[in-house]
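Results of the structural survey
Now for the letters of each chain:
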Amino acid sequence: VRVFTTKGPVAVLSRRAWSPRGSDRFYHLVRLKFYDRSVFYRVLPNYIAQVGYHRDPAVTAAWDDLPIKDDKGGHPNKKGTVTFARAGANSRTTQIFFNLADNANLDARGFSPFGEVVEGMDVVKSLYSGYGENFPRGDGPRQERIMFEGNAYLRKEFPKLDSVDSAVELVEQLTT
């Protein structure tokens, strides 16, 4: 998948062998243009860059009712891997994050990478991180407000955040 961000392009190679359900969900969301104009609302240097609320809160709400089951995992959360966020067992929906560092602490907690950045990691590391952690742990966006107000809230209250302009599938079958 080629992800065009406000900072430049990023290529993500989905690895179905690592996380079949996660890889399939990502593929379908990209094909549906779900991530187009989504905002990177949580960027923490040396940790993660997170995106995955749809610009339209009604679309986010619809997907929130469609979680996928966990994958067994096995591939570590190394720098450059891409993983679905989760809020407990079998709770992955649309939120994904790019690991900006080796985050081995996430492995035992059920965070199963489904892909990796193969081009543009410098772009991911350059995403705006000045707002810090999300509320209540920091001064960043409130996830509840993103869910109910979408990009209108983020653009008004956090105008420096970067976003995905578009994400496009590039069909290439690999055996690894």
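Please refer to the structure higher up on the page.
With that settled, consider the pairing of strand 2 (residues 8-14). Within strand 2, five of the seven residues are buried, which leaves it mostly tucked inside the rest of the structure. Looking at chain direction, strand 1 (residues 2-5) and strand 2 are connected through four bridges and run antiparallel. Along strand 2, the bridge assignment pairs Thr5 with Gly8. As defined by bridge partners, strand 2 adjoins strand 7 (residues 113-119) across four bridges and the pair is classed as antiparallel. Across the sheet, residue Val12 finds its bridge partner in strand 7, namely Val117.

Take the sheet that holds strand 5 (residues 81-84) next. In spatial order, the strands read 3-4-6-5-7-2-1-8; together these eight strands make up an open sheet with antiparallel pairing. Every other strand in the sheet has two partners, leaving strand 3 (42-44) and strand 8 (164-168) as the edge strands with one partner each. With direction set aside, neighbouring strand axes in the sheet form an average angle of 25°.

What follows concerns the pattern of salt bridges. All chains considered together, the criterion is met by twelve salt bridges. A salt bridge links Lys7 to Asp162; the nearest nitrogen and oxygen atoms lie 3.4 Å apart. Separated by 155 residues along the polypeptide, Lys7 in the loop between strand 1 and strand 2 and Asp162 in the loop between helix 5 (151-157) and strand 8 bring together distant segments of the chain. A relative accessible area of 41% means that Lys7 is categorised as partly exposed. The partner of Asp24 in a salt bridge is Arg16, and the shortest N-O contact between them spans 2.8 Å. What makes Asp24 partly exposed here is its relative accessible area of 28%. Taking relative accessible area as the criterion, Arg16 reaches 48% and is therefore assigned partly exposed. In the salt-bridge network here, residues are joined through shared partners; they are Arg21, Asp70, Asp71, Arg86 and Arg92.

This part takes up a nonpolar patch on the surface. On the surface, a cluster of nonpolar side chains totalling about 230 Å² of accessible area is made up of Phe4, Val168 and Leu170. On the secondary structure map, Val168 appears in strand 8. Under the relative-accessibility criterion, Val168 is labelled partly exposed at 31%.

Turning our eyes to something else, we now look at the pairing of strand 5. Where burial is concerned, the two faces of strand 5 agree: the one with Thr81 and Thr83 and the one with Val82 and Phe84 are both buried. When strand 5 meets strand 7, the two strands line up antiparallel, connected through three bridges. Along strand 7, the bridge assignment pairs Thr83 with Pro113. Direction of pairing for strand 5 relative to strand 6 (residues 96-99): antiparallel, over a ladder of three bridges. Note on strand 6: the bridge partner recorded for Phe84 is Ile96.

Here the focus is the side chain of Thr81. Looking at the element boundaries, Thr81 is found in strand 5. Judged by relative accessible area, Thr81 falls into the buried class, the value being 3%. Of note is the side chain of Thr81, whose polar atom sits 2.7 Å from the backbone oxygen of Lys78. At a separation of 2.9 Å, a polar atom in the side chain of Thr81 contacts the side chain of Asn99. When neighbours within four sequence positions are excluded, Thr81 is seen to be in contact with Trp18, His75, Pro76, Phe97, Phe98, Asn99, Pro113, Gly115 and Glu116.

About the thresholds
Residues numbered from 1 in each chain as written. Predicted model: local features only at pLDDT ≥ 70, side-chain atom pairs only at ≥ 80, totals over all residues. Heavy atoms only, no water. Buried < 20%, exposed > 50% of the residue type's maximum accessible area, 1.4 Å probe, protein only. Helix = DSSP H or I, 4+ residues; strand = E, 2+ residues; numbered from the N terminus. Pairing = 2+ DSSP bridges. Axes fitted to C-alpha atoms, helices over the stretch in contact; angles between N-to-C directions. Salt bridge = Lys/Arg side-chain N within 4 Å of Asp/Glu carboxyl O. Patch = residues over 30% accessible without salt bridge, like charges linked within 9 Å, V, L, I, M, F, W, Y side chains within 5 Å. Areas by Shrake-Rupley, 256 points an atom, 1.4 Å probe, with all protein chains shown as cover. Polar contact = N/O pair within 3.5 Å; in protein donor to acceptor, adjacent residues only side chain to side chain. Contact = heavy atoms within 4.5 Å.

All we've got here are geometric facts, nothing functional implied.
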